[in-house]
Amino acid sequence: MVKTLMNIMFLSCKQVTELVEKKQLVGLSTIESMRFRLHVVMCAACKSYERQSLLIEQALKRMIQVSRSDKDAAQLHPDTKLKILEKIKTSK
């Protein structure tokens, strides 16, 4: 009984990585969000994965915007590149 309750409440890291992507695409239900937060609070690896995933998503959106406005200028701004590198270094 207790083990079943633990399995219901606590997600595996694999499940959390799937929810990170789902959260960005369509959002999470209230229950998913609660279970997700509970895991991320206790798991530094998943917290780091979430931050890195958000950073990559933001960078891709910026690149798409730039490429739509100017096909030849589809490069990140040098300041943006530095911010990305700094965030990656500090997330380790």
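Rules used in this analysis
Residues numbered from 1 in each chain as written. Predicted model: local features only at pLDDT ≥ 70, side-chain atom pairs only at ≥ 80, totals over all residues. Heavy atoms only, no water. Helix = DSSP H or I, 4+ residues; strand = E, 2+ residues; numbered from the N terminus. Buried < 20%, exposed > 50% of the residue type's maximum accessible area, 1.4 Å probe, protein only. Contact = heavy atoms within 4.5 Å. Areas by Shrake-Rupley, 256 points an atom, 1.4 Å probe, with all protein chains shown as cover. Salt bridge = Lys/Arg side-chain N within 4 Å of Asp/Glu carboxyl O. pLDDT = per-residue confidence, 0-100.

Caption draft 1: View of the overall build of the chain. If you tally the helices and strands in the chain, you get five helices and zero strands. Secondary structure elements of the chain occur, N-terminal to C-terminal, as α-α-α-α-α. Residues classed as buried in the chain amount to 20% of the 92 residues present. Nonlocal contacts in the chain, meaning residues at least 24 apart in sequence, comprise 55% of its contacts between residues at least 6 apart. Only carbon and sulfur atoms are counted for the fraction: they give 62% of the accessible area of the chain, which is about 7300 Å².

Caption draft 2: Representation of the environment of Leu28 in the model. Relative to the helices and strands, Leu28 resides in the loop between helix 2 (13–25) and helix 3 (30–42). If sequence neighbours within four positions are ignored, Leu28 has contacts with Leu19, Lys22, Lys23, Ser33 and Phe36.

Caption draft 3: Just the pattern of salt bridges, in detail. Considering all chains together, one arrives at three salt bridges under this definition. The shortest N-O distance in the salt bridge between Glu32 and Lys22 comes to 2.7 Å. With Glu32 in helix 3 and Lys22 in helix 2, this pair connects stretches of sequence that are ten residues apart. We note a salt bridge from Glu50 to Arg37, for which the minimum N-O separation is 2.9 Å. Linking Glu50 in helix 4 (residues 44–69) with Arg37 in helix 3, this pair joins segments that are 13 residues apart in sequence. Here Glu50 falls in the buried class, since its relative accessible area comes to 10%.

Caption draft 4: Representation of the environment of Lys83 in the model. Along the chain, Lys83 falls in helix 5 (residues 78–90). Expressed as a C-alpha distance, the spacing of Lys83 and Leu55, which sit 28 residues apart in the sequence, is 9.8 Å.

Caption draft 5: Layout of the confidence of the model for the chain. Averaged over every residue, the pLDDT of the chain is 84; the share at 70 or more is 80%. Between the elements of the chain, mean pLDDT differs from a low of 60, seen in helix 1 (residues 2–9), to a high of 94, seen in helix 3.

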